[in-house]
Amino acid sequence: MKKLEAPNFDDLDILRDMSGEGNPLYRRWNLIESIRGAYGNYDVQRGNGHQIGAAVSITDSAKFAILSCVKNWSGPLGVFEDIRFNLSPDVCPMCGSFSTTSIDHVIPKELYPEFSFYSKNLVPACSCNSKKLLNFIGSPNERVLHPYFDEVLRKRLIVSSFGRPLDSMTISVVVAPDLDELQSEVIFHIDKLIKNERIAGYFSCEFKKIWTLPDHYFNNVQTLTFDIMKVELERKLHRLDEEYGTKNNWKSALYSGILLDEEVLRYIFNKLQNI
Ligand SMILES: [Zn+2]
């Protein structure tokens, strides 16, 4: 999860390019004006999935025409490869993992084909977009957060949570306990995009490294006290937040959850004493 600056494309120009030989989208249906309105409404509603559909009027035949073009994701649409590879190559802005291998339509193209080629609806993403599918909204306060529009993404939204007993290594992702806005939206986003075996496995793997590879985490394990350990973990969390440009990368989520749980800190300290 990461707040990104929206890409700056001439989206209507891209649509016009698609009206070339063999692509009847623009010439046959003359959609540009109606899509211009849809794009404008998307911006006004800041990509909020509950509202962006309200003011859009596009015929079914036009939607079919656009979807038929989605299959030809090449030619002028190659411009969007910049979103896939360059906009956030080190962290997934949708879930906080550490890769972006595809492009996600925040508002699903299957339901809103008019946003299939709108750059502000296209975000770099990892495989989490195959978990989301059409689940972009729920009840009125439930929706997927939008990396280009939701400023709340600059806050710490997700933390790890440790099941008991701690030896069971059952670590999940939950909403940050001090979050004071958009809790329902964040919980929905976590459920639909992030919470699965993949992040649980990642948390467990990274957690064990703290005492199996202690030199990677602490200046001097031999002289480490509980308080120094805590300070060094806090420092590591701060560095991770800066390194990835978001407090909601998976490593930061793990460490912020550790620092919230005194029992987990004691558990780590005991492990470090026994190496
Ligand atoms: Zn992801």
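First, a word on scope: everything that follows refers to the structure included in this document. (Residues numbered from 1 in each chain as written. Predicted model: local features only at pLDDT ≥ 70, side-chain atom pairs only at ≥ 80, totals over all residues. Heavy atoms only, no water.)

## What about the coordination of the zinc ion?
Stage number 1. For the zinc ion, the protein coordination sphere consists of C92 (SG), C95 (SG), C126 (SG) and C128 (SG), at 2.3 Å.
Stage number 2. Metal-centred angles of 97 to 120° between the four donor atoms at the zinc ion mark the site as tetrahedral.
Stage number 3. Mapped onto the polypeptide sequence, the residues donating to the zinc ion form the spacing pattern C-x2-C-x30-C-x1-C. Of this pair, C95 sits in the loop between α5 (81–86) and β1 (102–105) while C128 sits in the loop between β2 (122–125) and α6 (129–132), and the two are 33 residues apart along the sequence. Just as C95 is buried, C128 falls in that class too. (Donors = N, O, S within 2.8 Å, 3.2 Å for Na, K, Ca; no water. Tetrahedral: all angles 85-135°; square planar, octahedral: opposite > 155°, others 65-115°. Helix = DSSP H or I, 4+ residues; strand = E, 2+ residues; numbered from the N terminus. Buried < 20%, exposed > 50% of the residue type's maximum accessible area, 1.4 Å probe, protein only.)

## Thoughts on the packing of helix α8 (residues 197–212) against helix α11 (residues 262–273)
Stage number 1. Where α8 contacts α11, the two axes come as close as 8 Å, and the packing angle between them is 45°. When the axis of α8 is compared with that of α11, the two are oblique. Mapping the contact onto sequence places F207, I210 and W211 in α8 and V264, Y267, I268, K271 and L272 in α11.
Stage number 2. Residues of the contact of α8 with α11, tallied by class, amount to seven nonpolar, no polar and one charged. (Axes fitted to C-alpha atoms, helices over the stretch in contact; angles between N-to-C directions. Parallel < 35°, antiparallel > 145°, perpendicular 65-115°, else oblique. Contact = heavy atoms within 4.5 Å. Nonpolar A, V, L, I, M, F, W, Y, C, P; charged D, E, K, R; others polar.)

## Structural notes on the packing of aromatic side chains
Stage number 1. The full count for this structure, using the stated rule, is 19 aromatic pairs.
Stage number 2. With a centroid separation of 5.3 Å and an interplanar angle of 85°, the aromatic rings of Y42 and Y118 are classed as edge-to-face. One end of the pair, Y42, is in helix α3 (residues 32–44); the other, Y118, is in the loop between β1 and β2, with 76 residues separating them in the sequence.
Stage number 3. Overall, the relative accessible area of 0% leaves Y42 in the buried class.
Stage number 4. Classification of Y118 by relative accessible area gives buried; the value is 3%.
Stage number 5. Relative to Y202, the ring of F98 lies with its centre 5.7 Å away and its plane at 45°, an arrangement referred to as tilted. Of this pair, F98 sits in the loop between α5 and β1 while Y202 sits in helix α8; the two residues are 104 residues apart in sequence, bridging distant segments of the chain.
Stage number 6. Three or more aromatic residues joined by ring pairs make a cluster, and in this case those are Y39, Y42, Y112, F115, Y118, F136 and F149.
Stage number 7. For the cation-ring pair, K251 lies above F98, with the distance from its terminal atom to the ring centre recorded as 5.6 Å. (Phe/Tyr/Trp six-rings, centres within 6.5 Å; stacked < 30°, edge-to-face > 60°. Lys NZ or Arg CZ within 6 Å of the ring centre and 35° of its normal.)

## What to know about the pattern of salt bridges
Stage number 1. Tallied over the entire structure, the rule returns 15 salt bridges.
Stage number 2. Notably, a salt bridge pairs K3 with E151, separated by 3.9 Å at the nearest N-O pair. Taken together, the positions of K3 in the segment before α1 (11–17) and E151 in the loop between α6 and β3 (158–162) put the pair 148 residues apart, joining distant regions of the chain.
Stage number 3. A residue is classified by how much of its surface remains accessible, and E151, at 42% relative accessible area, is partly exposed.
Stage number 4. The partner of E181 in a salt bridge is K155, with the nearest N and O atoms 2.7 Å apart. (Salt bridge = Lys/Arg side-chain N within 4 Å of Asp/Glu carboxyl O.)

## Quick look at helix α7 (residues 183–194)
Stage number 1. E185, V186, F188, H189, I190, L193 and I194 are the residues of α7 that are buried.
Stage number 2. Contact partners of the buried residues in α7: α6, β3, β4 (171–175), α8 and α10 (250–259).

## Here's the deal with a nonpolar patch on the surface
Stage number 1. A contiguous nonpolar patch, built from L111, L133 and L134 and spanning about 270 Å² of accessible area, is present on the exposed surface.
Stage number 2. Its relative accessible area of 54% is what places L133 among the exposed residues. (Patch = residues over 30% accessible without salt bridge, like charges linked within 9 Å, V, L, I, M, F, W, Y side chains within 5 Å. Areas by Shrake-Rupley, 256 points an atom, 1.4 Å probe, with all protein chains shown as cover.)

## Here's the deal with the nonpolar core
Stage number 1. Among the nonpolar cores identified, the biggest contains 78 residues, and I194, F207, M229 and I258 are the most heavily contacted of them.
Stage number 2. Built from parts of two domains, this core gets at least three residues from each of domain 1 (11–132) and domain 2 (155–273).
Stage number 3. Those residues within four positions of M229 in sequence are excluded, and the remaining contacts are F218, L224, L265, I268, F269 and L272. (Core = buried A, V, L, I, M, F, W, Y, C linked by side-chain atoms within 4.5 Å. Domains from an automatic or database assignment.)

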